[in-house]
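# Reading the structure
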Amino acid sequence: VSLSAPGDAPPPEPGGTVTVASRLGGFMRSGGVLVPVLTAFLAFLAGGVVVLATGANPLSTYKAIFEGSGLNWLFPWVTGDDRTLAALNLQQTLIITTPLILLGLAVAIAFRAGLFNIGGQGQFNVGAMAAVFIATRMHGLPGVLHILLAIAAAMAAGGLWAGIAGFLRARTGANEVISTIMLNYTAIYLGLYLFGQGGPLQNDTDKSVPVSADIAQNAHLPVFWGDPELQGAHVGIFIALLGALLAWVLLERSVAGYRIKAVGFNPDAAEYGGISSGGQIIRAMLICGALAGLAGSLDILGWQFRVATNDIQISQLGFYGIAIALLGRNTPGGTVLAALLFGALLNGTSVRNLDPAVFDPALASNLTYIIQGLIVLLVSAPIIGTKLLGLIPGRKAPPKEEHRVVAVDRSEAA
Amino acid sequence: MSAGTITARTAAVTPRQAAWGGIALAGIAAYLALPPLLVRSPIPSLVLAFAAVALGAWAVRGEERRLGGAAVVIGLLAAVGSVAATGADEGKLNDVFVWGALAAAMLRYATPLIFAALGGLVSERSGVVNIALEGMMLSGAFFGAWGADVTGSWIGGLVVAVVAGAAMALIHAIFSVSLKADQIVSGTAINFLAAGVTGLLFVQIYGTEGTPDNLPEIVEVHLPIGSIPFIGEAFAQLSLMVWIALALVPVVGVYLFRTAQGLRHRSVGENPLAADTAGISVTRTRYLAVIASGMLAAMGGAFLSIGFVHSFNQGMSAGKGFIALAAMIAGRWRPGQTLLICLLFGFSSALAQRLPTFSEGAATLFQTLPYVVTLIVVAGLVGRSRPPAADGIPYERH
């Protein structure tokens, strides 16, 4: 058992409120990085069977996806044109990884507070809408201020969206799973209304296209690697990494984070210790929403430069945040690594990068859903991780945790 | 379980009755301003609406917070609505508020919700939270369409859909019952899997063409009541699945609350240790309940694809499984109340389809109505409801 693995708070006492965080404690505690790596391996293995079933070759498919992700740039023996192409692909992967890190954190922090935030997608969408609103309007502002204002607006919008769910959970007991999902759909239709044909924020140049206006040139995030015209990697990745660092400080080195985690592990004990669980729930959701909103703004300011209603409808990035957070064991560091994995997978299966002769990209996007679903499924049962660990020669499976049937007071939950 | 007996008030009118009275007055206030009465002055509606608010406020003071609060909110909505309606064009009001057609549309929109909500009810009464209703419904929608296409008959489609829903549910049962997974997380995983599997098969089998136009459709039931006003319009021509859904509500109710097997089923959800001690197999009961819930949700999905929309498209369940779950929670894990909430959600969808008559531009915005109504209902009604005591907790024998 790795000592550095976080989440080593005591299991819930009998009679206490059982939270998601406490029930997944086994997975979060045992096996260091091995269990997540094995989990991902198993999911990819099963994904390979799916590829095989469609009549394609899993090995060449995964090889093509890997090369499409640009991660082969890390190999020194890749040279010449291959290296140039790999660099381009890796820049794209970093662009996709940027929002995924923040969306993973938006789920992870909620998990640590005992909440299941399935609303990352909606919070991401309203963040993108707020960012595009600011970035298309304030033309007089200097660049840095313009960017900061757009980001602040996006974080506020995302925080508000998640805050609604947090407030309802804390004050009326409305289950955050259902309320965040309803807010996801509300955000989609809000976006379709705002930027759709005849919508108040639709572009002025071509009224037949349901897209926002393009953001001001000075609101574009600077590109630090690659050609800005060819969509090189923008500095958003550093903002996302800074977000992960701050999340780590919050969770592991601050009183505020301690309170949030205390409520996550055992709301009753936290209340007994003088921590208001309702207040912490609202605070945690505000933080998560702000992170997801930030993800939306970086996506707009660094990559998309506009909001299209089509993107709002089909975007799934927020949902990947769930698999990313779980695979990253709800820790900021793990979330960054898992986000890179999913960023690579998404970029490697994109229409642009995956040769249809190897595997149809339309199928590949669904393959990604399946791999994501398998990862979440495997993580949901800690017992699987324990068993996996036992399969490794020379490693003893950690002692089985005692399961207790505890009475649950859900009178204010659900 | 009326509040009157609990609070034992001696007053002639209990706060609870006052709140219900307020809600009724608000309903009348709204009805006055709409066809067929179409009172063109907002005054009568406003008087009634504010009386509703006053009754609600009095109920809130009398410790009937939620119901009283609901009366206040509904009263205010009725006031705003009736002012808007009395100012609106009479012809457009007549177009939108065709009550018979609205009722028929309400039933159609409610049907997939009723199937899935009953599925959730059966599952949760045995102690397994089923947030995967959405994915099971989506599976039912795809496999219903595919099955109908392959077998050339809607019955074949329905059978394939139910088998697919049962298969999805079996995964959920294995994880949540045998592997003692966190049921919300494993349910979410199944939703992702269902999206991926149906999407993959849809692209693989139907490509960009989509499902064929000549998909066999679930039959409609024609009743010889077409000439009766309102009732004829509402009930004369509905899909067979609408009637099956409505019939299943009392069936599930009688099974759970009036049979010995239902009592065992519920006891597993309330106190698995006691049920186990009494010789009831917790594992078996939960497996069967989860599989039944998957079959029910899949029937709702099959209605969507081959009974309602007549095609399949990716992600077509569009949150209906979650709305059904919300209906079940707001319906307090009881079939009758769950049906009422499903009808409310169905009505909001039906209204959202027709409101664009008033404003083309805001048409998309009206689509948020079912989701916002769900949010409000979950926030307003849920706190009072109590889930089965062992809901969501894996059972381990000692």
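Residues numbered from 1 in each chain as written. Chains lettered and ligands numbered in written order. Predicted model: local features only at pLDDT ≥ 70, side-chain atom pairs only at ≥ 80, totals over all residues. Heavy atoms only, no water.

The subject of this paragraph is the overall build of chain B. Across its full length, chain B holds 18 helices and two strands. Whereas a compact globule of 398 residues would reach a radius of gyration of roughly 21 Å, chain B reaches 23 Å, a difference of no more than 12%. Out of the 398 residues in chain B, the part that is buried amounts to 56%. Taking the contacts inside chain B whose residues are at least 6 apart along the sequence as the reference set, 75% of them involve residues at least 24 apart. (Helix = DSSP H or I, 4+ residues; strand = E, 2+ residues; numbered from the N terminus. Rg over C-alpha atoms; globule rule 2.2 N^0.38 Å. Buried < 20%, exposed > 50% of the residue type's maximum accessible area, 1.4 Å probe, protein only. Contact = heavy atoms within 4.5 Å.)

With that settled, consider the overall build of chain A. For chain A, the count of helices and strands is 17 helices and two strands. Within chain A, residue pairs in contact and separated by at least 24 positions form 74% of the contacts whose partners lie at least 6 positions apart. As presented, chain A carries roughly 16,500 Å² of accessible surface, and 66% of it is formed by carbon and sulfur atoms. (Areas by Shrake-Rupley, 256 points an atom, 1.4 Å probe, with all protein chains shown as cover.)

This paragraph deals with the nonpolar core. A:Leu100, A:Leu301, A:Ile322 and A:Phe342 are the most contacted members of the largest nonpolar core, which has 213 residues in total. Looking at which element gives the most residues to this core, the answer is helix H5 (residues 80-112) of chain A, with 14 residues. In terms of nonpolar packing, the next biggest core, distinct from the first, is built from 14 residues, B:Ala85, B:Ala350, B:Leu351 and B:Leu355 among them. (Core = buried A, V, L, I, M, F, W, Y, C linked by side-chain atoms within 4.5 Å.)

This part takes up the interface of chain A and chain B. Opposite the 52 residues of chain A that make contact, chain B presents 53 residues. At the junction of chain A with chain B, the criterion picks out zero salt bridges. Taken together, the links from chain A to chain B amount to five residue pairs in polar contact (both at pLDDT 80 or more). Contributions of two or more residues to the side of chain A that touches chain B are made by helix H1 (20-23), helix H7 (143-172), helix H8 (176-195), helix H14 (317-327), helix H16 (361-380) and helix H17 (382-391) of chain A. In the side of chain A that touches chain B, the residues fall into 36 nonpolar, 12 polar and four charged. (Salt bridge = Lys/Arg side-chain N within 4 Å of Asp/Glu carboxyl O. Polar contact = N/O pair within 3.5 Å; in protein donor to acceptor, adjacent residues only side chain to side chain. Nonpolar A, V, L, I, M, F, W, Y, C, P; charged D, E, K, R; others polar.)

Residues and elements named next belong to chain B. Relative to the helices and strands, Gly100 resides in helix H6 (residues 99-125). Looking at Gly100, the relative accessible area reads 3%, which means it is buried. C-alpha separation for the pair Gly100 and Gly232, spaced 132 residues apart in sequence, amounts to 7.5 Å. Filtering out sequence-adjacent residues up to four positions away, Gly100 remains in contact with Phe230, Glu233 and Ala234.

It is worth spelling out a nonpolar patch on the surface at this point. Taken together, the side chains of A:Leu242, A:Leu245, A:Leu246, A:Trp248 and A:Val249 present a nonpolar region at the surface, about 460 Å² in accessible area. Following the sequence through the fold, A:Val249 ends up in helix H9 (residues 236-253). (Patch = residues over 30% accessible without salt bridge, like charges linked within 9 Å, V, L, I, M, F, W, Y side chains within 5 Å.)

What follows deals with unusual backbone geometry. Residue and element names in this part refer to chain B. The step from Pro35 to Pro36 runs through a cis peptide bond, and the omega angle for that step is 5°. Located in the positive-phi region is Leu38, a residue other than glycine, with phi close to 50°. With respect to the element layout, Leu38 can be found in the loop between helix H2 (15-32) and helix H3 (42-61). Judged by its relative accessible area of 12%, Leu38 is buried. The phi angle at Lys180 is positive, at roughly 55°, despite the residue not being glycine. Secondary-structure assignment places Lys180 in the loop between helix H8 (154-178) and helix H9 (183-206). Residue Lys180 is classed as buried on the basis of its relative accessible area, which comes to 18%.

Another point: the confidence of the model for chain B. Residues and elements named next belong to chain B. This prediction gives chain B a mean pLDDT of 89; 96% of its residues lie at or above 70. Model confidence for chain B, summarised as mean pLDDT per element, is weakest for helix H1 (residues 3-7) at 47 and strongest for helix H11 (residues 240-258) at 97. Segment residues 1-9: pLDDT under 50, and nine contacts once partners within four positions in sequence are set aside and those in other chains are kept. (pLDDT = per-residue confidence, 0-100.)

Bringing the packing of helix H15 (residues 332-348) of chain A against H16(A) into the picture now. Two packed helices can be described by the angle between their axes and the distance between those axes. Residue and element names in this part refer to chain A. Relative to each other, H15 and H16 sit at 160°, their axes nearing to 11 Å. What the angle tells us is that H15 and H16 run roughly antiparallel. Along the contact surface, H15 presents Phe342, Leu345 and Leu346, while H16 presents Thr368, Ile371, Gln372 and Ile375. In terms of residue class, the contact of H15 with H16 is made up of five nonpolar, two polar and no charged. (Axes fitted to C-alpha atoms, helices over the stretch in contact; angles between N-to-C directions. Parallel < 35°, antiparallel > 145°, perpendicular 65-115°, else oblique.)

Bringing the confidence of the model for chain A into the picture now. Residues and elements named next belong to chain A. For chain A, per-residue confidence averages 86 on the pLDDT scale, and 87% of positions sit at 70 or higher. Mean pLDDT across the secondary structure elements of chain A bottoms out at helix H2 (residues 25-29), with 59, and peaks at helix H6 (residues 120-135), with 97. Contacts from residues 1-16, a stretch scored under 50 in pLDDT, to residues over four places away or in other chains number 32 contacts. Low pLDDT, under 50, characterises residues 400-414; the predicted model gives this stretch 31 contacts beyond four residues in sequence or across chains.

Now for the pattern of salt bridges. What the rule picks out here adds up to nine salt bridges over all chains. A:Asp214 is the salt-bridge partner of A:Arg306, the closest N and O atoms lying 2.6 Å from each other. With A:Arg306 in the loop between helix H12 (277-304) and helix H13 (309-314) and A:Asp214 in the loop between H8 and strand S1 (223-225), this residue pair connects regions lying 92 residues apart in the sequence. By relative accessible area, which is 31% here, A:Arg306 ends up partly exposed. Taking the shortest distance from any N to any O, the salt bridge between B:Arg40 and B:Glu90 comes out at 3.6 Å. Of this pair, B:Arg40 sits in the loop between H2 and H3 while B:Glu90 sits in helix H5 (residues 90-96), placing them 50 residues apart in sequence. Classification of B:Arg40 by relative accessible area gives partly exposed; the value is 34%. For B:Glu90, a relative accessible area of 40% puts it in the partly exposed group. Residues joined in a network through salt bridges with shared partners are A:Arg112, A:Glu252 and A:Lys261.

Attention now moves to the packing of aromatic side chains. Residues and elements named next belong to chain B. On inspection of all chains with the given rule, the structure shows 21 aromatic pairs over all chains. Taken together, Phe142, Phe143, Trp146, Phe202, Tyr206 and Phe312 form an aromatic cluster joined through their ring pairs. Taking the ring centre of Phe257 as reference, the NZ or CZ of Arg334 above it sits at 4.9 Å. (Phe/Tyr/Trp six-rings, centres within 6.5 Å; stacked < 30°, edge-to-face > 60°. Lys NZ or Arg CZ within 6 Å of the ring centre and 35° of its normal.)

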